[in-house]
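Spelled out from the first residue to the last, the chains are:
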Amino acid sequence: MDLLAEAQKLFPYTQAMRRDFHLHPELGFQEFRTAGIVAKELQDLGLEVTTGVGKTGVVAMIEGGKPGPVLMLRADMDALPILEDTGAEYASQNPGVMHACGHDGHTAILLTVAKLLNGMKDELPGSIKLVFQPAEEGMGGAEGMIKDGVMDGPKVDYVLGLHLWNEKPLGWLGVAAGPYMAGADEFKMQITGKGGHGAQPHTTFDPIVAGAQIVTALQSIVGRNVPPVETAVVSVTTFHGGDAFNVIPQRAELTGTIRTFKPEVREMVLRRFEETAKGVGAAMNCQVEVQFFHTAPATINDAGITEIVQQTARRVLPESHVDEGNMITMGSEDYAFFLDKARGMYFFVGSANAERNLIYSHHHPKFDFDEAALPRAAALLASAAVDVLQQA
Ligand code: NI
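The structure presented is a predicted model; accordingly, all values stated were derived computationally and were not measured.

1. What about the overall build of the protein chain?
Right, on to step 1. In terms of regular secondary structure, the protein chain is built from 10 helices and 16 strands.
Right, on to step 2. A globule of 392 residues ought to have a C-alpha radius of gyration of about 21 Å, and the protein chain, at 23 Å, matches this closely.
Right, on to step 3. Dimensions of the protein chain along its principal axes, counting C-alpha atoms only, are 80 × 45 × 40 Å.
Right, on to step 4. Expressed as a percentage of its 392 residues, the buried residues of the protein chain come to 55%.

Below is the structure:
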């Protein structure tokens, strides 16, 4: 079957779904409306649907006509707390919430893939597990679904997923083996000193001064502890302390993010982070408590599965530029939790269009993508699914 032609035929459906999700964005774990529409669309195909997986996730199975492995396809459904500034006719009607990462597109793409694969299920040598995930944006949506057993019953053998990618133009595809997106840890730090009068600093242990030195000292981890040929990021992104101009506060709080690829680099960075914060704090007579939250491991694509998808991409979208080079990004993606449990890969579909001014980055208030990327992405994901079932 020519899945690209079929996906093009389904474009009005895909576009209508995408625009509806874009009009009505929902934050992580609040995707009730979105999940309801997803469940209904899948039920209309005659599929057995499970809702409430990992709170607001939706799962459905397409049983192939021939025996074979179980391949999971995953889309994320959540939006971001951003006030939309695109001026699009389908702009968010939920002020302060916006599909600024393209997850509206991902959900519409996977619904389209469900139609494509369900239409040829008798030919499929194996089963497809369709997974619509909540709360990808740093809230633990993937982990919640895994805890609720999404990788079991039936056990998932392979996993595929994609991201629309506005850093690259329509026609570009990023299909590379190996490390792709960084692992992420969020940190919270509490610095406790001794408050007092702003004019009598000698009677206090100032957590603001300690915090300022800690922020500076943390910069030496990447500069002086991480080997120059490795990579890591340490970013302090919030610094809160004090309520009055003439009072030295009791406490200050810092939060931020740490990005790494290799487990050994991650362990070292977290250890040095805690040592540095506590050591500098102690020198300033302040106590420092640090908490880490592991948001996502690194996304590392399986070489064998990636090779299959590269061949699929060249066959299905022959006019495309299939970029097999490793475009390492320090962004992270909680899809990596699924990749930790099953062989698979994650690919990127270029979606920018400079002529139409669709050039803004993900998470920007003006972010929007070229919808011509939708049928391309659906055709590639559906075709790759068939090829992985047949060849992996
Ligand atoms: Ni995203």
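2. Quick look at helix 2 (residues 11–23)
Right, on to step 1. For helix 2, built from 13 residues, the straight-helix expectation of 18 Å at 1.5 Å per residue is met to within 8% by its first-to-last C-alpha distance of 18 Å.
Right, on to step 2. Every buried residue of helix 2 is accounted for by Tyr 13, Thr 14, Met 17, Arg 18, Phe 21, His 22 and Leu 23.
Right, on to step 3. Taken together, the buried residues of helix 2 touch helix 3 (32–44), helix 4 (103–118) and helix 10 (373–391).

3. Re the nonpolar core
Right, on to step 1. Formed by 67 residues in total, the largest nonpolar core has its most connected members in Leu 42, Leu 73, Leu 117, Ile 128, Leu 130, Phe 132 and Leu 160.
Right, on to step 2. Excluding anything up to four places from it in sequence, Leu 73 contacts Leu 110, Val 113, Leu 117, Ile 128, Lys 129, Leu 130, Val 131, Leu 160, Leu 381 and Ala 385.
Right, on to step 3. Core analysis: the next-biggest nonpolar cluster, separate from the first, contains 26 residues, Val 70, Val 159, Tyr 180 and Phe 337 among them.

4. Things to note about the domain arrangement of the protein chain
Size of an interface: often given as the accessible area lost when the parts come together.
Right, on to step 1. What the domain assignment reports for the protein chain is domain 1 (3–180 + 298–391) and domain 2 (183–295).
Right, on to step 2. Using C-alpha coordinates to define each centre, domain 1 is positioned 37 Å away from domain 2.
Right, on to step 3. Contact residues are listed per partner, giving 12 residues for domain 1 and 10 residues for domain 2.
Right, on to step 4. It is Ala 298, Met 330 and Ser 332 in domain 1 that bury the most area against domain 2; as a group they hold 59% of the surface buried on that side.
Right, on to step 5. At the junction of domain 1 with domain 2, the criterion picks out zero salt bridges.
Right, on to step 6. Counting the contacts that link domain 1 with domain 2 gives one residue pair in polar contact (both at pLDDT 80 or more).
Right, on to step 7. Its residues placed into classes, the side of domain 1 that touches domain 2 shows six nonpolar, four polar and two charged.

5. Some thoughts on the sheet that holds strand 6 (residues 172–174)
Right, on to step 1. As summarised here, the arrangement of the eight strands in space is 1-2-4-3-5-16-6-15, forming an open sheet in which the pairing is mixed. Each having just a single partner strand, strand 1 (48–53) and strand 15 (321–323) make up the two edges of the open sheet. Within this sheet the neighbouring strands show an average axis-to-axis angle of 25°, counted without direction.
Right, on to step 2. Relative to strand 5 (residues 158–169), strand 3 (residues 66–76) is paired through four bridges, and the arrangement is parallel. Opposite Leu 73, over in strand 5, you have Leu 160 as the bridge partner.
Right, on to step 3. Packing against the sheet, helix 3 makes contact with strand 1, strand 2 (57–62) and strand 4 (125–133), and its axis sits at approximately 10° to strand 2.
Right, on to step 4. Contacting strand 5, strand 6, strand 15 and strand 16 (343–352), helix 8 (residues 303–316) runs over the sheet at an angle of about 35° to strand 16.

6. Structural notes on the pairing of strand 16
In regular strands, side chains alternate between the two faces of the sheet.
Right, on to step 1. Of all 10 residues making up strand 16, nine are buried, and the element is well covered by its neighbours.
Right, on to step 2. Here strand 5 pairs with strand 16 via nine bridges, running parallel. Within strand 16, the residue paired with Leu 162 across the bridge is Phe 347.
Right, on to step 3. The pairing of strand 6 with strand 16 spans two bridges and is classified as antiparallel. Residue pairing for strand 16: Gly 174 is matched across the bridge by Phe 348.

Rules used throughout
- Residues numbered from 1 in each chain as written.
- Predicted model: local features only at pLDDT ≥ 70, side-chain atom pairs only at ≥ 80, totals over all residues.
- Heavy atoms only, no water.
- Helix = DSSP H or I, 4+ residues; strand = E, 2+ residues; numbered from the N terminus.
- Rg over C-alpha atoms; globule rule 2.2 N^0.38 Å.
- Buried < 20%, exposed > 50% of the residue type's maximum accessible area, 1.4 Å probe, protein only.
- Expected span 1.5 Å × (residues − 1).
- Contact = heavy atoms within 4.5 Å.
- Core = buried A, V, L, I, M, F, W, Y, C linked by side-chain atoms within 4.5 Å.
- Domains from an automatic or database assignment.
- Buried area = accessible area lost by both parts, 1.4 Å probe.
- Salt bridge = Lys/Arg side-chain N within 4 Å of Asp/Glu carboxyl O.
- Polar contact = N/O pair within 3.5 Å; in protein donor to acceptor, adjacent residues only side chain to side chain.
- Nonpolar A, V, L, I, M, F, W, Y, C, P; charged D, E, K, R; others polar.
- Pairing = 2+ DSSP bridges.
- Axes fitted to C-alpha atoms, helices over the stretch in contact; angles between N-to-C directions.

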